[in-house]
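Listed below are the residues making up each chain.
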Amino acid sequence: MSAPRTDHLWRPYTQMKTAPPPLRAARTHGSRIVLEDGRELVDGIASWWTACHGYNHPHIRAAVAAQLDTMPHVMFGGLTHAPAEALARRLAGLLPGDLDHVFFSDSGSVAVEVALKAAAQVWLNRGVAGRSRFAAFRGGYHGDTMGAMSVCDPEEGMHRRFGRYLPEQIFFDLPDSRAREAALDEGLARHRGSLAAVIVEPLVQGAGGMRLHAPEVLASVARLARRHGLLLILDEVFTGFGRTGTLFACEQAGVVPDLICLSKALTGGTLPLAATVAGAEVFAAFWSDDPAAALMHGPTFMANPLACAAAEASLDLFAREPRLAQARAIGERLAEGLAPLRGRPGVVDVRVLGAIGAVQLAPPLDLPGLKRAFLERGVWVRPFGDIVYLTPALTIPEDDLARLLAAMREVLG
Ligand SMILES: *Cc1c(COP(=O)(O)O)cnc(C)c1O
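Residues numbered from 1 in each chain as written. Predicted model: local features only at pLDDT ≥ 70, side-chain atom pairs only at ≥ 80, totals over all residues. Heavy atoms only, no water.

(A) Examining the site of the ligand more closely. Close contacts around the ligand come from Trp 49, Ser 107, Gly 108, Ser 109, Tyr 141, His 142, Gly 143, Glu 201, Asp 235, Val 237, Phe 238 and Lys 264, and that covers them all. Between the ligand and Gly 108, the relevant distance is 2.8 Å, taken from an oxygen atom to a main-chain nitrogen or oxygen of the residue. Take Ser 109: an N or O atom from its side chain is 2.6 Å from an oxygen atom of the ligand. Looking at the shell around the ligand, its residues break down into four nonpolar, five polar and three charged. (Near = heavy atom within 4 Å. Polar contact = N/O pair within 3.5 Å; in protein donor to acceptor, adjacent residues only side chain to side chain. Nonpolar A, V, L, I, M, F, W, Y, C, P; charged D, E, K, R; others polar.)

(B) Up close: the sheet that holds strand E5 (residues 133-137). Read across the sheet, seven strands follow the order E4-E12-E11-E10-E7-E5-E6 without closing on themselves; strand pairing throughout is mixed. Every other strand in the sheet has two partners, leaving strand E4 (101-105) and strand E6 (170-172) as the edge strands with one partner each. Averaged over neighbouring strand pairs, the angle between their axes works out to 20° when direction is ignored. As judged from the three bridges shared by E5 and strand E7 (residues 195-200), these two strands associate in the parallel manner. Note that in E7 the partner of Arg 133 across the bridge is Leu 195. (Pairing = 2+ DSSP bridges. Helix = DSSP H or I, 4+ residues; strand = E, 2+ residues; numbered from the N terminus. Axes fitted to C-alpha atoms, helices over the stretch in contact; angles between N-to-C directions.)

(C) View of the environment of Val 34. As for its position among the elements, Val 34 is in strand E2 (residues 32-35). Given a relative accessible area of 3%, Val 34 falls into the buried group. It is 39 Å that separates the C-alpha atoms of Val 34 and Ala 253, two residues lying 219 residues apart in sequence. Leaving out residues up to four positions away in the same chain, Val 34 has contacts with Ala 25, Ala 26, Arg 27, His 29, Arg 39 and Glu 40. (Buried < 20%, exposed > 50% of the residue type's maximum accessible area, 1.4 Å probe, protein only. Contact = heavy atoms within 4.5 Å.)

Right, dumping it as C-alpha cells:
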C-alpha cells in the first residue's frame, strides 16, 4: 500500500495507482495548451472535440462576460429567459426538418438519457405498453450514465460486468452490407413490440473507435426504423457543429430523426451544455390535458444562461466565419498528411471524415509510450484502444496542423 499520488482528485477513465500523474494546464490560447512548467502543446483533439473555434475566442468570452453581469443562473422551473429562448429558436432554425422542441441539459450523457426517456414515454403516452427497449449498434458510444451505457457497444460498455444493473438492449451491426441490412430488418421486425426507438451516431462512431460509415448506411437505418414504426434517435454529441464538414452529420444522408442529441461543441468548448431536440410527432405525444403525460425531467442547471450565451456566440461564429469550409479543408490536409502511414507495419487503417483523422493500429499498443512520444514532440494527442486520432480546432493554423501531422507520421511510422 502506498499513498495516493496526487491530491483529492479522482480522474476519469484512469487507473490512478499506475498511471503517470496528469499534466498541469495553466492557460490556453488558439489551438495551444500551456502547461504550468512552461511547455506549450499543440492540441490535436480540441479538448474532446469541444473547442471548435480554438480556445478563448474573444466573441464567446465577451458574450459570457456580459451575461455574467446580468444573470449567471436562474432555475428553469416556472421561469424562462432570453438566452434560452434565443438559443432554442436558433437551434430549431439550424436543425433539419421539424426538430423544433429543445430540451436543455448539461452533458451529452444526460442529453442521451433524456432522448431515451422521452422515446419510451412517447409510447406510454400513446397508451402502448411494453415498448421500453432500444435497438443500438455495436461499436457505438453514447455516454457514461446508466441508460446511455446500456446502448453503448456491449463489449466496450462492459455490460456483462454491470449485469442486471444495466437495462438489456438489442444490438445490431450497422447495415453496411446487404446481409447486415437484412439482419437489421429482420431483427427490428422480430423485436418491434418491445422497442421504443433505434439510436445511432450518424456517420462516425466516435469514442467507440472512430469508425466511419457511409451516408447510405445511415439512410438505411432511418428507413428500417420507419418501416417498423420505431422512433429514430441520432446522437450528434460528437458529430454536431461542423466536425464532419456539415453543421450536422445527418444532413449528408438527408435523414431527419425524431430526436437529436447535441452537446460537445455546442458552446464552442467553454461551458457545459447539451440539448435534446424533438420533432413534431414526439412533442405532440406529450401535449395533453394529463399532467402525468409531461416529460418528467429537469436538471437543476438546465438552460444555464451563461452556457446559453456561450452557445449563441459560438453559433454567431459558425454564421460569420467559414467553419464548414475550414473543416473540409482540414479534412483534405488530414487525408494527405496521414496517407503515408497507410500500409506501414502496425497500421491497420487510416480514415478521414471532415475534420476527423484516425489511424487504427494493430494491437498490442504501448499507450503510455505513444503518449510520451507525442508529448516529446510538443503535441497533445491521446490514443485510446487501438486508435490514434486528430480532431483539432476547426480554426487551427496551418503550421500547427503541420506539426500535428508530422508528429503522427514520426511516432506511428
Ligand atoms: C461524448 C459523447 C457522449 C457523452 O457526452 P458527455 O458530455 O461526456 O456526457 C455521448 N455521445 C457521444 C456520441 C459522445 O461523443
